[in-house]
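Residue-level listing of the chains:
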Amino acid sequence: MLNVLKTFKKGGVHPPENKISAVQPVEVLPLPAKVFIPLSQHIGAPAEALVAKGDRVKAGQLIAKSTGFVSANVHSSVSGIVESLEPVMDSSGYKRPAITINVEGDDWEPSVDRSPDLRKEITLSAQDIVKKIAEAGIVGLGGATFPTHVKLSVPTGKKAEMLVINGVECEPFLTSDHRLMLERSHELMVGIQILMKALDVPKALIGIEINKPDAISHLQSLAKSYGGIEVQPLKVKYPQGGEKQLIKALTGREVPSGGLPIDIGVVVHNVGTALAVYEAVQKSKPLVERIVTVTGKNLARPSNFLVRIGTPVSALIAAAGGLPDDTGKVVSGGPMMGKAVSSIDVPVTKGTSGILVIPATESKRKPEGVCIRCAKCVSVCPMGLEPYLLYRMGQRMQYSQMEVERVLDCMECGSCSFECPANLFLLDFIRLSKVEVGKIVRERKN
Amino acid sequence: MSSVLTTSILMLTILGVVLAVILYVVAQKFKVEEDPRIDEVEAMLPGANCGGCGYPGCRGLADALVKSDDISSIFCPVGGNETMSKVATLLGRAVEAKDPQIAVVRCSGSPKNRKRVVDYNGISSCRFASTLYSGDTGCQFGCLGLGDCVAVCKFDAIYIDPVSLLPVIDEEKCTACGACVKACPKLIIELRKKGPKGKRIFVSCMNTDKGGVARKYCSVACIGCFKCVKVCPYEAITLENNLAYIDANKCKLCRKCVEECPTDSILEVNFPPRKPKVEEQAQNAVTS
């Protein structure tokens, strides 16, 4: 009998994969002249700056402190002199508080171990691991940027049974996680073991889509020497990288509406996060750099770069062969969930998994037609929602009714807008309504 | 045949009479006593149902006017002082005359003054655009020009000027209901005192960036230079976060700040044209 590959059941779409940078090994991007480090690179309260204008900082130095439980530290990614604390435009399109540093040399904090040796023994206790991760300012590197230490602090009365590692990378074009799994596999494995120890779980499952066969076979061969880790190949389907879809695909369990994965005993972390955890715990290296895919159909040299946080996007594009003349749009993230930036001077932040350059011919939205009631949006919605209905309700501002229709379950994957033959602005209305519904829910709680 | 006809006519008649009696009895028993003055007041109100007063429509306002003892805090912006005094006489209560107001757009960032650097082609609505980015120019405070204020105006008093791409308020039609103020995600529309003969002066900018940054992206941005604050003889101008604000109640319309402003971000409306200055007159004489 054929071995049927696992995947999630409800909905999903198959956008063209376009993983053109998959064969490019990760290159270290040269240091830029200036970095712009936003104070809010995570979900939760912005960090509070600890440095003043004119201060000399080292790479890996804490420059902004977390201001609450759901918040994250920010470290300097370079050595140099603080030029200003003025707000800088980030990928949200708004100017937000940030620290601008003029780069001078490459001095690191002495506590950071920058040697390439692999350290396998995990000496710290579970509590110390979580503390160290919080100090290093690690957030979910898959793009959601939720502070990792919060996910590792399991609420009382709940118990984690299983760790799921997200190596799916279901967004078209992006290849940063793919390269990471091939090139930093040993560190990744140790990182996963650290996460397992922090959560006190015996088992970790790595989910990888079969469009990355080299990563699957490589990690499968490695997993034998690391206890408790299993690699599970998955069918290619977007949005399998969504937390809830991945859990469904791997374990068959379903996260209840409005609930979190921990409610069913699962914690999900991205492969990038696991690597950052390894570096923080074993090497005392805070989160100051990440792998970013720079890609696009007309880009001269689609690449994967190891980039210091705060590097302007323009530097990445220049290293990948410069902005093509026919560029219509530059997107931070992948084509499905990424966001067009309004300037290429915005900095790379902890959540920037890729930079996608889209040619002018493909960058325009098609004009909105009329709904023909084909229900394609309903059949592709991975959360089992009815996007056409939410869209209509959003237009009429029927927010309390939208809450009943579970609009807050929407994770904004964009499958409905991708599939709609009439090019309706489905996700636009749903996204805006989620803000309004969120307000209603919060008001009721207070 | 005829017996069927008479029976059915008879049955229906009896049924109708019985039901009418039931309806009458029920209507009398559960009659809602309503102050007849509510109807009278409602008839006096403009009937625009715009919600500018803060109550759900004109009926809601009439209800509130009749029921509250002190009506000085309630005001119908559309009807204005005239309507309010009529209502007050009917209800036998006192009402203060308020200065008529008008909506003003506090942004002068036309394409001439503010270069477009981004091409937006999402939904043509400011509400959506403002969640995606700060605007298609370098200024993140100014008008997006997609016309949410136009769509929400019930009096057809706003239109987007095709040249400046900014909303323009029709002074004849604007009732100061405030719907546009609430609709604008950039908060650039303000209700201000209409002023004698419509004369008014205001800072047409919302940019709180530092002077250099603001000026880099918009030639008519307020740069927070304090010149207007210093020149104002009535202390009507305050400056906070690099942005000047003119208090309409203190302003005596002397127009000194308008002359002083280096970036022309203070606007004067409905003033007669100025006499050319002496030097300019001399220059004109030379050229002619």
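Just so you know, these numbers come straight off a predicted model, no measurement behind them.

Enquirer: Can you walk me through the overall build of chain B in this structure?
Expert: The helix and strand tally for chain B stands at 11 helices and 8 strands. Whereas a compact globule of 288 residues would reach a radius of gyration of roughly 19 Å, chain B reaches 28 Å, over 25% beyond that. Considering only intrachain contacts with a sequence separation of at least 6, the fraction spanning at least 24 residues in chain B is 57%. Accessible area of chain B: about 16,600 Å², with a carbon and sulfur share of 58%. The centroid of the 36 positive side-chain charges in chain B is displaced by 5 Å from the centroid of its 31 negative side-chain charges.

Enquirer: Please clarify how the nonpolar core should be interpreted in this entry.
Expert: Within soluble globular proteins, side chains that are nonpolar generally end up buried alongside one another. All names here are of chain A. Within the largest apolar cluster, 48 residues are counted, with the highest numbers of intra-cluster contacts made by Leu 163, Met 189, Ile 192, Ile 206 and Leu 219. Taken together, the elements giving at least two residues each to this core come down to α1 (126-135), β11 (162-166), α3 (176-183), α4 (185-199), β12 (204-209), α5 (213-223), β13 (229-234) and α7 (271-283). Considering each element in turn, this core owes the most residues, 9 residues, to α4. Split by domain, this core shows at least three residues from each of two domains, domain 1 (30-105 + 288-362) and domain 2 (126-283). When residues no more than four places from it in sequence are discounted, the contact partners of Ile 192 are Leu 163, Ile 165, Ala 204, Ile 206, Ile 229 and Ala 274.

Enquirer: Help me understand the environment of Val 88 of chain A, please; the structure alone is not making it clear to me.
Expert: All names here are of chain A. Looking at where Val 88 falls in the secondary structure, it is placed in strand β8 (residues 88-89). Accessibility expressed as a relative area gives 16% for Val 88, which makes it buried. Residues Val 88 and Ile 37, spaced 51 residues apart in sequence, show a C-alpha to C-alpha distance of 8.6 Å. Contact partners of Val 88, with chain neighbours within four places excluded, come to Phe 36, Tyr 94, Lys 95, Arg 96, Ala 98, Thr 100 and Pro 347.

Enquirer: I would appreciate a short explanation of the domain arrangement of chain A in the present structure.
Expert: Interface size is often expressed as the accessible area that is lost when the parts come together. We note that the domain assignment places domain 1 (30-105 + 288-362), domain 2 (126-283) and domain 3 (376-445) within chain A. The gap between the C-alpha centroids of domain 1 of chain A and domain 3 of chain A is 30 Å.

Enquirer: What's the story with the interface of chain B and chain A in this structure? I'm lost.
Expert: At the junction of the two partners, chain B supplies 19 residues and chain A supplies 18 residues. When chain B packs against chain A, the two sides together hide about 1,600 Å² of surface, and 52% of this comes from carbon and sulfur. Remark: the boundary between chain B and chain A carries 3 salt bridges. Counting the contacts that link chain B with chain A gives 9 residue pairs in polar contact (both at pLDDT 80 or more). Broken down by secondary-structure element, the contributors of at least two residues to the side of chain B that touches chain A are α5 (126-132) and α8 (211-217) of chain B. Element by element, the count of residues in the side of chain B that touches chain A is highest for α5 of chain B, at 5 residues. When grouped by side-chain class, the residues that make up the side of chain B that touches chain A number 7 nonpolar, 7 polar and 5 charged.

Enquirer: I tried to follow the pattern of salt bridges on my own but got confused; where do I start?
Expert: Note on pairing: side chains with opposite charge can pair once their charged atoms come close. Residues and elements named next belong to chain A. Going through the model one piece at a time under the given rule, you end up with 38 salt bridges over all chains. Residues Lys 434 and Glu 412 are paired through a salt bridge, measuring 3.0 Å at the closest nitrogen-oxygen approach. With Lys 434 in helix α14 (residues 426-445) and Glu 412 in the loop between α12 (399-404) and α13 (415-419), this residue pair connects regions lying 22 residues apart in the sequence. Taken together, the salt bridges that share partners define one network made up of Asp 106, Arg 184, Glu 187, Glu 279, Lys 285, Glu 289 and Arg 308.

Enquirer: So what exactly am I meant to see when it comes to the packing of helix α2 (residues 36-44) of chain B against helix α3 (residues 57-67) of chain B here?
Expert: Helix-helix packing is characterised by the crossing angle of the two axes and by the distance between the axes. Residues and elements named next belong to chain B. Contact geometry for α2 and α3: axes closest at 8 Å, N-to-C directions at 125 degrees. For the element pair α2 / α3, the angle class is oblique. For the pair α2 and α3, the sense of crossing is right-handed. Of the residues in α3, those in contact with Arg 37, Ile 38, Asp 39, Val 41 and Glu 42 of α2 are Cys 58, Arg 59, Ala 62, Asp 63, Leu 65 and Val 66. Class assignment for the residues of the contact of α2 with α3 results in 6 nonpolar, no polar and 5 charged.

Enquirer: Is there a simple way to think about the packing of α4 of chain A against α5 of chain A in this case?
Expert: Residues and elements named next belong to chain A. As a packed pair, α4 and α5 sit with axes 11 Å apart at the nearest point and diverge in direction by 55 degrees. By the angle class used here, α4 and α5 are oblique. Where α4 crosses over α5, the two elements pack in a sense that is right-handed. Contacts from Ser 185, His 186, Leu 188 and Met 189 in α4 reach His 218, Leu 219, Leu 222 and Ala 223 in α5. Of the residues assigned to the contact of α4 with α5, the class counts are 5 nonpolar, 3 polar and no charged.

Enquirer: Explain the sheet that holds strand β5 (residues 62-65) of chain A to me, please; I cannot follow it from the model alone.
Expert: Backbone-to-backbone hydrogen bonds join strands into a sheet, with any given pair of strands oriented parallel or antiparallel. Residues and elements named next belong to chain A. Reading across the sheet, the 3 strands line up as β3-β5-β6 and stay open at both edges, with antiparallel pairing between neighbours. Two strands bound the open sheet, and with one partner strand each, they are β3 (48-49) and β6 (74-75). The pairing of β5 with β6 spans 2 bridges and is classified as antiparallel. Bridge pairing in β6 places Ala 64 opposite Val 74.

Enquirer: Hey, could you run me through the packing of aromatic side chains in this one?
Expert: Two numbers describe a pair of aromatic rings. These are the distance of the centres and the angle of the planes. Within the structure shown, the criterion is met by 3 aromatic pairs over all chains. Ring geometry for Tyr 391 of chain A versus Phe 429 of chain A: centroids 5.4 Å apart, planes at 85 degrees, classification edge-to-face. Of the two residues, Tyr 391 of chain A sits in helix α11 (residues 387-395) while Phe 429 of chain A sits in helix α14, which places them 38 residues apart along the sequence. Each member of the pair, Tyr 391 of chain A as well as Phe 429 of chain A, carries the same accessibility label: buried. Aromatic pair Phe 429 of chain A and Phe 128 of chain B: ring centres 4.7 Å apart, planes at 65 degrees, arrangement edge-to-face. On the criterion of chain membership, the pair formed by Phe 429 of chain A in helix α14 and Phe 128 of chain B in helix α5 is interchain, its members lying in two chains. In this structure Phe 429 of chain A comes out as buried when scored by relative accessible area, which is 11%. Residue Phe 128 of chain B is classed as buried on the basis of its relative accessible area of 5%. Taken together, Tyr 391 and Phe 429 of chain A together with Phe 128 of chain B form an aromatic cluster joined through their ring pairs. Positioned above the aromatic ring of Phe 8 of chain A is the side chain of Lys 237 of chain A, whose terminal nitrogen or guanidinium carbon lies 4.5 Å from the ring centre.

Enquirer: Would you explain the confidence of the model for chain B in this entry?
Expert: Note: predicted coordinates in regions of low pLDDT should not be interpreted at a detailed level. Residue-level pLDDT values for chain B average 89, and 95% of them are 70 or greater. Our summary of model confidence lists the complex with pTM equal to 0.86 and ipTM equal to 0.83.

Enquirer: I keep staring at helix α4 (residues 80-91) of chain B and nothing clicks. Help me out?
Expert: Residues and elements named next belong to chain B. The terminal C-alpha atoms of α4 lie 17 Å apart, and with 12 residues this matches the ideal 16 Å at 1.5 Å per residue to within 8%. Within α4, burial applies to Gly 80, Thr 83, Met 84, Val 87, Ala 88 and Leu 91. The buried side chains of α4 occupy one side of the element, clustering within an arc of 135 degrees when seen end-on. Exposed residues pointing more than 90 degrees away from the buried face of α4 are listed as Glu 82 and Thr 89. Among the structural elements, α2 and α3 are those in contact with the buried residues of α4.

Enquirer: Help me understand α1 of chain A in this model?
Expert: Residue pairs three or four apart in sequence face the same way in an α-helix, which turns once every 3.6 residues. Residues and elements named next belong to chain A. All of the buried residues in α1 are Ile 129, Val 130 and Ile 133. Down the axis of α1, the buried set is contained in an arc of 95 degrees. They therefore lie on one face. α1 presents Gln 127 and Lys 131 as exposed residues on the side facing more than 90 degrees away from its buried surface. Along its buried surface, α1 packs onto α2 (148-152), α4 and α7. Of the residues trailing α1, Gly 137 is marked for its positive phi of about 70 degrees.

Analysis parameters
- Residues numbered from 1 in each chain as written.
- Chains lettered and ligands numbered in written order.
- Predicted model: local features only at pLDDT ≥ 70, side-chain atom pairs only at ≥ 80, totals over all residues.
- Heavy atoms only, no water.
- Helix = DSSP H or I, 4+ residues; strand = E, 2+ residues; numbered from the N terminus.
- Rg over C-alpha atoms; globule rule 2.2 N^0.38 Å.
- Contact = heavy atoms within 4.5 Å.
- Areas by Shrake-Rupley, 256 points an atom, 1.4 Å probe, with all protein chains shown as cover.
- Lys, Arg positive; Asp, Glu negative; His and termini not counted.
- Charge placed at Lys NZ, Arg CZ, Asp CG, Glu CD.
- Core = buried A, V, L, I, M, F, W, Y, C linked by side-chain atoms within 4.5 Å.
- Buried < 20%, exposed > 50% of the residue type's maximum accessible area, 1.4 Å probe, protein only.
- Domains from an automatic or database assignment.
- Buried area = accessible area lost by both parts, 1.4 Å probe.
- Salt bridge = Lys/Arg side-chain N within 4 Å of Asp/Glu carboxyl O.
- Polar contact = N/O pair within 3.5 Å; in protein donor to acceptor, adjacent residues only side chain to side chain.
- Nonpolar A, V, L, I, M, F, W, Y, C, P; charged D, E, K, R; others polar.
- Axes fitted to C-alpha atoms, helices over the stretch in contact; angles between N-to-C directions.
- Parallel < 35°, antiparallel > 145°, perpendicular 65-115°, else oblique.
- Left-handed = near helix turned anticlockwise from the far one by under 90°.
- Pairing = 2+ DSSP bridges.
- Phe/Tyr/Trp six-rings, centres within 6.5 Å; stacked < 30°, edge-to-face > 60°.
- Lys NZ or Arg CZ within 6 Å of the ring centre and 35° of its normal.
- pLDDT = per-residue confidence, 0-100.
- Expected span 1.5 Å × (residues − 1).
- Arc of directions from axis to C-beta.

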